[in-house]
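Understanding the architecture of this molecule
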Amino acid sequence: MRLLIIEDDKDLNRQLVSALEDAGYAVDRAFDGEEGHFLGDTEPYDAVVLDIGLPKKDGITVLEEWRAAGHKMPVLILTARDRWSDKVQGFDAGADDYVAKPFHMEEVLARLRALLRRATGHATSELVCGPVRLDTKSGRVVVDGNPVKLTSHEYRLLAYLMHHTGRVVSRQELIEHIYDQDFDRDSNTIEVFVGRLRKKLGIDMIQTIRGLGYRIDVPSAAHGG
Ligand code: CA
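The shown structure was predicted, so the numbers you read here are calculated from the model rather than taken from an experiment.

Examining the coordination of the calcium ion
Here the calcium ion is held by the protein donor atoms Asp 8 (OD), Asp 51 (OD) and Gly 53 (O), which lie 2.2 to 2.3 Å from it. Ordering the donors of the calcium ion by residue number gives the pattern D-x42-D-x1-G. Of this pair, Asp 8 sits in the loop between strand E1 (2-6) and helix H1 (10-22) while Gly 53 sits in the loop between strand E3 (47-51) and helix H3 (59-68), and the two are 45 residues apart along the sequence. We classify Asp 8 as partly exposed; its relative accessible area is 31%. Under the relative-accessibility criterion, Gly 53 is labelled partly exposed at 48%.

A word on the nonpolar core
Soluble globular proteins tend to pack their nonpolar side chains together in the buried interior. Judged by nonpolar contacts, the single largest core of 48 residues is most densely connected at Leu 157, Leu 158 and Met 162. Ranked by residue count, the leading element in this core is helix H6 (residues 152-163), at seven residues. Domain assignment of the residues forming this core places at least three in each of domain 1 (2-119) and domain 2 (126-216). When residues no more than four places from it in sequence are discounted, the contact partners of Leu 158 are Leu 134, Val 141, Leu 150, Leu 197, Leu 201, Met 205 and Ile 216. Counting 18 residues, the second largest nonpolar core, distinct from the first, contains Leu 39, Val 62, Ala 93 and Ala 95.

Description of the pattern of salt bridges
Counting across every chain of the model gives 17 salt bridges. In this structure, Asp 51 and Lys 101 form a salt bridge, with 3.0 Å as the shortest nitrogen-oxygen distance. In this pair, Asp 51 is assigned in strand E3 and Lys 101 in the loop between strand E5 (97-100) and helix H5 (105-119), connecting sequence segments 50 residues apart. Lys 101 gets classed as partly exposed once you look at its relative accessible area, which sits at 23%. Here Asp 86 makes a salt bridge to Arg 83, at a shortest N to O gap of 3.3 Å.

With respect to the sheet that holds strand E6 (residues 126-129)
Spatial ordering of the open sheet is given by E6-E7-E8-E9, a layout of four strands whose pairing is antiparallel. Two strands lie at the open edges of the sheet, namely E6 and strand E9 (146-148), each paired on one side alone. For this sheet, the mean angle separating the axes of adjacent strands, direction not counted, is 25 degrees. One ladder, built from four bridges, connects E6 with strand E7 (residues 132-135); its direction is antiparallel.

Quick word on the environment of Cys 129
Note that Cys 129 resides in strand E6. Classification of Cys 129 as buried rests on a relative accessible area of 6%. Along the sequence, Cys 129 and Gly 33 sit 96 residues apart, while their C-alpha atoms lie 39 Å from each other. Apart from residues lying up to four places away in sequence, Cys 129 is in contact with Met 162, Met 205, Ile 216, Asp 217 and Pro 219.

Section: the pairing of strand E2 (residues 26-30)
With respect to burial, E2 is a largely interior element, four of its five residues being buried. Judged from the five bridges that link them, E1 and E2 form a sheet pairing that is parallel. In the strand pairing of E2, Leu 3 is matched with Val 27. Remark: the E1/H1/E2 crossover connection has right-handed handedness.

Cut-offs applied
- Residues numbered from 1 in each chain as written.
- Predicted model: local features only at pLDDT ≥ 70, side-chain atom pairs only at ≥ 80, totals over all residues.
- Heavy atoms only, no water.
- Donors = N, O, S within 2.8 Å, 3.2 Å for Na, K, Ca; no water.
- Helix = DSSP H or I, 4+ residues; strand = E, 2+ residues; numbered from the N terminus.
- Buried < 20%, exposed > 50% of the residue type's maximum accessible area, 1.4 Å probe, protein only.
- Core = buried A, V, L, I, M, F, W, Y, C linked by side-chain atoms within 4.5 Å.
- Domains from an automatic or database assignment.
- Contact = heavy atoms within 4.5 Å.
- Salt bridge = Lys/Arg side-chain N within 4 Å of Asp/Glu carboxyl O.
- Pairing = 2+ DSSP bridges.
- Axes fitted to C-alpha atoms, helices over the stretch in contact; angles between N-to-C directions.
- Right-handed = clockwise from strand over helix to strand, strands pointing away.

All we've got here are geometric facts, nothing functional implied.
Encoded structure:
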């Protein structure tokens, strides 16, 4: 999953980016409302963390413009501690959730997990597909109870496909959701990652749909567990 952080406080921006990268996300950053608005307008983020008080264009305006343009990605706004009006304005502008400053990083992480799973129709932070369990909270993947070690790109790819089970995901879509914008993207590596994942998971879960992309089927209740 790929996230965008828009926060003008440099230290806070850095802390957010590093915590979210550690949690397994691809993360882009912006330090003012104009740059942030542009990125959210042109790149397909799975969720955005948006500060309200921003230079060049305030967070409420950024959000209103995205929503007016039809962008539906979940947005978590960062509000000043005692500004209840920020929250009201934020929700009215199309925010999905908020965290008031100062906040605990764990709360931001938990709220983002909740937004991401709601947006993709999942009920819990653990994604289960047959014998494979992916815990979006700890970033751990187990197969039949045995831990599997994945690189960050392998994890992001598996997490994206498991968030979107039952749907064919193109290589281009995977590229857009597992790399940050500064990464030197190469669509051939997707095939390499899928090959490695199949090997590491030891089961035939990721299907290649020729000419279209990849799909993980929705696990049927019949062979649950
Ligand atoms: Ca600010």
